[in-house]
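What follows is each chain in one-letter form.
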There are 2 protein chains.
Amino acid sequence: MTSATKTLELLSFFSEQHPEIGLSQFCKLTSRDKATTYRHLQSLEIVGFIEKNPLTKKYRMGPAVLPLAQIRERTVPRKSAAKASVEQLADATGETAHVSVLSGTTLYSLVAVESPKHSTRAIVDLKTLPLHATASGICTLAYGPDILTQTAKQNLERFTAKTQTTEQGLDAAIQRVKETGFSHSKGSIEEDIYGLSAPLFDQSGTIAGAVSVASVATRFNADAERTIKHQLILASRQISHNWGGSIPNPIEACWSKTLAET
Amino acid sequence: MTSATKTLELLSFFSEQHPEIGLSQFCKLTSRDKATTYRHLQSLEIVGFIEKNPLTKKYRMGPAVLPLAQIRERTVPRKSAAKASVEQLADATGETAHVSVLSGTTLYSLVAVESPKHSTRAIVDLKTLPLHATASGICTLAYGPDILTQTAKQNLERFTAKTQTTEQGLDAAIQRVKETGFSHSKGSIEEDIYGLSAPLFDQSGTIAGAVSVASVATRFNADAERTIKHQLILASRQISHNWGGSIPNPIEACWSKTLAET
DNA sequence: TGTATCGGTTCATATAATGAACCTGTGTTT
DNA sequence: AAACACAGGTTCATTATATGAACCGATACA
């Protein structure tokens, strides 16, 4: 580990819950010497990554991180940041993979990749995804604000015989997502398509969208389900990371439990 | 200069205009060895501050900066980030100093500090500042979008005999700001108050507000004006920096020219 | 085919990072 | 008020780590 990585590592101890950290606290957190840590902090202060709160004498995040984030957001759009992960997901599962983003109360399809493995495959040709009838949508409802579910209930359009069109049915589906960390949709938007979905998070810590695998019903079985879930977890972590977020611990716990059971 | 600061310095070469930089380009920019620079870049890549664009093999800003900026924005509000600078400004000028922020088409007073140096002094008791009748307001108009000036012209309320209430007068005042980098208001909101103002910028690169000194007319002279302008520049740079922005070069050039003339 | 430039790697050397011990100030306990 | 604990900050000999000349392999171009 280089001196530079050790220095940068200090930044990872800041959070919205712990916005200010003193020298001694840093020493405890890193198990490093006081002098070393002090010099590391000075390096960060020189470049503006941290600053001292003159009142508390503790260190806090500096202003220099703001323009960097601005550059990242402006120059690396979400789509390209998710693309590689979706391609990998499609390749690993042999099915169609896609990512959707939540904007307001609408879920937009961002990028979809079909796998050439099978001649029959799901095609994602929707610009916006119905919240109540897709795996992505129900996943978003499960981790999004209540207002989102309320909005979804305003328009429970029927697409197939299997579409959930009752509030009770939707609530039950949402509950299952909260328990497992995954969202299922079995023929609810198209008869022969089974969907599996996991949530995505950005730097705001709130849900930002969903990553999904759309499989053809006839080849969907327990074995495929296990593979897809495993790959979805990897993709969700990767994409969330690229968007500046991370998977909340409760969801990681759900995933562990769900995978252990199968 | 420590290895850590050298490493972090690399990040400052990224901009929205140059979002991707290769190893050799970094070497030229820093006049450092290839091996050294390569290791620095690796350190940054490990912690997610940069990532390689797999297509171009060049480096670009990484996702790790996003949560850091989020923490900064959530835990260090603009007010406290400007406070120290405003206090220093009031102290150095012996007058009342204040900072205002632009939100939508409204200019809000964020923080004001009175200097105890004189028994007569300006008092900023406004929650929102009229765009056409204050130094802060005209400064904001000069560097803000056109729509802002159009909005301001909708309501050219008269406060004193000296308030600009014509569109032509306002346009002329704005033009003077664009030429000098400073905004003046001589009794346009209160008869005996002379204001001097400089713009503030945040990480978006657009105008974020203004920093001003409100002086009592009777003691305002060329000497005071020079001092105030000089201090305003320092304050504007500091506050903009704390908000994640910087002063655009054209404005810095205006300031240099204006100060040289006096 | 030669060569110019790119990203990346190696290894002896020299420089810069390290931490035990030492200040200094502040607030608390006795 | 003396004694103590803990905070941030500093010093200097020792040691580990950063450094850069030279090298490698790939790509592009004339």
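All of these numbers come straight from a predicted model, not from anything done at the bench.

About the cut-offs
Residues numbered from 1 in each chain as written. Chains lettered and ligands numbered in written order. Predicted model: local features only at pLDDT ≥ 70, side-chain atom pairs only at ≥ 80, totals over all residues. Heavy atoms only, no water. Salt bridge = Lys/Arg side-chain N within 4 Å of Asp/Glu carboxyl O. Buried < 20%, exposed > 50% of the residue type's maximum accessible area, 1.4 Å probe, protein only. Helix = DSSP H or I, 4+ residues; strand = E, 2+ residues; numbered from the N terminus. Least-squares fit on C-alpha atoms with pLDDT ≥ 70 in both. Contact = heavy atoms within 4.5 Å. UniProt positions renumbered as here; feature names shortened; annotations may be inferred. Pairing = 2+ DSSP bridges. Core = buried A, V, L, I, M, F, W, Y, C linked by side-chain atoms within 4.5 Å. Axes fitted to C-alpha atoms, helices over the stretch in contact; angles between N-to-C directions. Near = heavy atom within 4 Å. Polar contact = N/O pair within 3.5 Å; in protein donor to acceptor, adjacent residues only side chain to side chain. Nonpolar A, V, L, I, M, F, W, Y, C, P; charged D, E, K, R; others polar.

Peer 1: How should I be thinking about the pattern of salt bridges in this particular structure?
Peer 2: Side chains that carry opposite charge are capable of pairing whenever their charged atoms lie near each other. Counted by the stated rule, this structure contains 27 salt bridges over all chains. Residue Glu114 of chain A pairs with Arg121 of chain A through a salt bridge whose shortest N-O separation is 2.9 Å. Overall, the relative accessible area of 37% leaves Glu114 of chain A in the partly exposed class. The partly exposed category is assigned to Arg121 of chain A, whose relative accessible area is 35%. Between Lys229 of chain B and Glu225 of chain B there is a salt bridge, with the nearest N and O atoms lying 3.0 Å from each other. Of this pair, Lys229 of chain B and Glu225 of chain B are both found in helix H9 (residues 222-242), 4 residues apart, which corresponds to roughly one turn of the helix. Overall, Glu225 of chain B belongs to the buried group, its relative accessible area being 17%. Within the structure, one salt-bridge network assembled from shared partners comprises Arg72 of chain A together with Glu20, Glu51 and Arg60 of chain B.

Peer 1: Sorry, what's going on with the relation of the copies chain A and chain B here?
Peer 2: Relating one copy of the chain to the other requires a rotation about an axis plus a shift along that axis. When chain A is fitted onto chain B, the two copies agree to an RMSD of 0.2 Å after a turn of 179° and an axial shift of 0.1 Å. Overall, the copies show the geometry of a two-fold rotation axis. Across chain A, the rotation axis passes nearest the C-alpha of Ala4 of chain A, at a separation of 2.1 Å. A shared interface surface links the copies, since 100% of the contact residues of chain A are contact residues in chain B too.

Peer 1: Looking at this model, I keep getting lost on the UniProt feature "domain: HTH iclR-type" (unreviewed entry) in chain A. Mind explaining?
Peer 2: Within this structure's numbering, the places UniProt gives as "domain: HTH iclR-type" (unreviewed entry) are residues 1-63 of chain A. Regarding residues 1-63 of chain A, the helix share stands at 44% and the strand share at 13%, and the terminal C-alpha atoms are separated by 26 Å.

Peer 1: Any chance you could explain the sheet that holds strand S3 (residues 59-61) of chain B here in plain terms?
Peer 2: Pairing between sheet strands relies on hydrogen bonds along the backbone, with the strands arranged either parallel or antiparallel. Residues and elements named next belong to chain B. What the 3 strands build is an open sheet, ordered S1-S3-S2; its pairing is antiparallel. Whereas interior strands pair on both sides, the edge strands pair on one side only; in this sheet they are strand S1 (20-21) and strand S2 (50-52). Where S1 lies against S3, 2 bridges are found, and the strand directions are antiparallel. Following the sheet pairing, Ile21 is matched in S3 by Tyr59.

Peer 1: What should I look at first to understand the pairing of strand S5 (residues 106-113) of chain B in this one?
Peer 2: Successive residues of a regular strand alternate their side chains across the two faces of the sheet. All names here are of chain B. Both strand S4 (residues 96-103) and S5 contribute to a ladder of 7 bridges, which runs antiparallel. By the bridge assignment for S5, Val101 is matched with Tyr108. Hairpin remark: S4 followed by S5, antiparallel, with 2 residues in the connecting loop; positive phi at Gly104, about 70°. The pairing of S5 with strand S6 (residues 128-129) spans 2 bridges and is classified as antiparallel. The partner of Leu107 across the bridge, within S6, is Leu129.

Peer 1: Looking at this model, I keep getting lost on the environment of Val177 of chain B. Mind explaining?
Peer 2: Residues and elements named next belong to chain B. Within the secondary structure layout, Val177 lies in helix H8 (residues 167-180). Note on Val177: relative accessible area 2%, which makes it buried. For Val177 and Arg78, which are 99 residues apart along the polypeptide, the C-alpha to C-alpha distance reads 24 Å. With residues up to four places along the chain from it excluded, the contact list for Val177 reads Ile138, Cys139, Ala142, Tyr143, Phe182 and Ser183.

Peer 1: Please clarify how the nonpolar core should be interpreted in this entry.
Peer 2: Soluble globular proteins tend to bury their nonpolar side chains together. Of all hydrophobic cores here, the largest spans 48 residues; its most connected members are Val99, Tyr143, Val211, Leu232, Ile239 and Trp243 of chain B. Not counting residues up to four positions away in its chain, the partners in contact with Tyr143 of chain B are Val177, Lys178, Gly181, Pro199, Phe201, Ile207 and Ile251 of chain B. In this structure, Leu68 and Ala69 of chain A together with Leu11 and Leu44 of chain B belong to the second largest nonpolar core, which totals 36 residues.

Peer 1: Looking at this structure, I do not really get the sheet that holds strand S7 (residues 183-186) of chain A. What am I missing?
Peer 2: Residue and element names in this part refer to chain A. Ordered in space as S6-S5-S4-S9-S8-S7, the 6 strands form an open sheet in which the pairing is antiparallel. Only two strands of the sheet have a single neighbouring strand rather than two, namely strand S6 (128-129) and S7. On top of the sheet, helix H6 (residues 135-143) reaches strand S4 (96-103), strand S5 (106-113), S6, S7, strand S8 (193-201) and strand S9 (207-216); it is set at about 35° to S8, its chief contact.

Peer 1: I would appreciate a short explanation of the protein's contact with DNA strand D in the present structure.
Peer 2: Around DNA strand D there are 18 residues in total, and Ser3, Ser24 and Lys34 of chain A together with Asp33 and Arg39 of chain B lie nearest to it. Protein-adjacent atoms of DNA strand D, using a 4 Å cutoff, are sugar or phosphate at a proportion of 60%. One of the backbone N or O atoms of Ser3 of chain A is found 2.7 Å from a phosphate oxygen in DNA strand D. At a separation of 3.0 Å, a phosphate oxygen of DNA strand D approaches a polar side-chain atom of Lys52 of chain A. Of all the secondary-structure elements, those providing two or more residues to the surface near DNA strand D are helix H2 (23-30) and helix H3 (34-46) of chain A together with helix H3 (34-46) of chain B. Top element by residues in the surface near DNA strand D is H3 of chain B. It accounts for 5 residues. Of the residues assigned to the surface near DNA strand D, the class counts are 5 nonpolar, 6 polar and 7 charged.

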